[in-house]
Amino acid sequence: MSATRWLHTLALSATAKLQIVDQPEIERSIEVEAGAAEVWKQITDGALAEEWMGVMVEPRPGGQVIVPNDDVIGTVEEVVPERSITWSWRKPVGEPSQVTITIEPTDTGSRVTVTERLLEYRITGSPPIVGAA
Amino acid sequence: MKSPQTLFTALADPTRREVFERLSSEGPASATKLAASLPISRQAIQKHLTVLDEAGLVTRSTVGREVNYSAVPAALADMTAWAARVDAQWTDRLKRLRRSLG
């Protein structure tokens, strides 16, 4: 399979969706049997978030995104409690990108959707990122 | 190594994607030849080829007075690697989230 075709496959696949739009992005979602408040707690409680996500996010605009060794790797941009949170980060080895997590109520619980998109600009409001020291 | 962003930006434009795909499927071509089969001017094609060249998606070779462009499909590896890596990370994280909620 050629690389070009692979690109199209990614663009069309429902599970690994790569969209080449204004900003390239990846989208993933899962259904969980938990209410929005419970999911929100998993995202915003530092200890819980570190457990599954590997980072802690301060749930307020301008809040920090922190990895376990206390390095600040990003900044929270938008918060709608129990609905969505958006931050920009730059991982030690990686391109600057923006993450949005949304929570939607379903009949059986919630759908949690994550999108991560590459950014052209550098993240503002956070100190320069030093590589994996 | 080009950054995924450079590649994404280069391929975000539908005409550039078209040009890149033509070169991939039909082999090397000049801007003039491409312009003959696409509804845009040679000058516009040339601009797109320059962006693709800067992103490492095409290479140039001179044949007489003509400049031919060839696609470099391997250049997409960085971009697809970014997508695959980020996708895999979130797949793992969301699985852990489900377990945490369970």
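Everything in this summary refers to the structure shown in the same document. What you see is a predicted model, and the numbers here were worked out from it, not measured in a lab. (Residues numbered from 1 in each chain as written. Chains lettered and ligands numbered in written order. Predicted model: local features only at pLDDT ≥ 70, side-chain atom pairs only at ≥ 80, totals over all residues. Heavy atoms only, no water.)

## Considerations on helix H2 (residues 14-26) of chain B
All names here are of chain B.
1) Next: Over its 13 residues, H2 extends 18 Å from the first C-alpha to the last, a length consistent with the 18 Å expected when each residue adds 1.5 Å.
2) Next: When H2 is considered as a whole, its buried residues turn out to be Arg16, Val19, Phe20, Arg22 and Leu23. For H2, the arc enclosing every buried residue in end-on projection is 155°, short of the 170-degree limit, so these residues lie on one face. What points out from H2, more than 90 degrees from its buried face, is the exposed set Pro14, Ser25 and Glu26.
3) Next: Put simply, aspartate 13 is the residue that caps the front of H2, since its side-chain oxygen is 2.8 Å from the backbone nitrogen of threonine 15.
4) Next: Once H2 finishes, glycine 27 follows within two positions and takes phi at roughly 90°, a positive value. (Helix = DSSP H or I, 4+ residues; strand = E, 2+ residues; numbered from the N terminus. Expected span 1.5 Å × (residues − 1). Buried < 20%, exposed > 50% of the residue type's maximum accessible area, 1.4 Å probe, protein only. Arc of directions from axis to C-beta. Polar contact = N/O pair within 3.5 Å; in protein donor to acceptor, adjacent residues only side chain to side chain.)

## Digging into the side chain of Arg93(B)
1) Next: Inspection of the secondary structure assignment puts Arg93(B) in helix H5 (residues 76-101).
2) Next: Those residues within four positions of Arg93(B) in sequence are excluded, and the remaining contacts are Trp52(A), Met53(A) and Trp89(A). (Contact = heavy atoms within 4.5 Å.)

## Brief notes about the pairing of strand E3 (residues 66-71) of chain B
Residue and element names in this part refer to chain B.
1) Next: Judged from the two bridges that link them, strand E1 (residues 29-30) and E3 form a sheet pairing that is antiparallel. Its bridge partner lying in E3, serine 30 is registered against asparagine 68.
2) Next: As paired elements, strand E2 (residues 58-63) and E3 share six bridges and run antiparallel to each other. Opposite threonine 59, over in E3, you have serine 70 as the bridge partner.
3) Next: Here E2 folds back onto E3 in antiparallel fashion, the turn holding two residues, of which glycine 64 has a positive phi close to 60°. (Pairing = 2+ DSSP bridges.)

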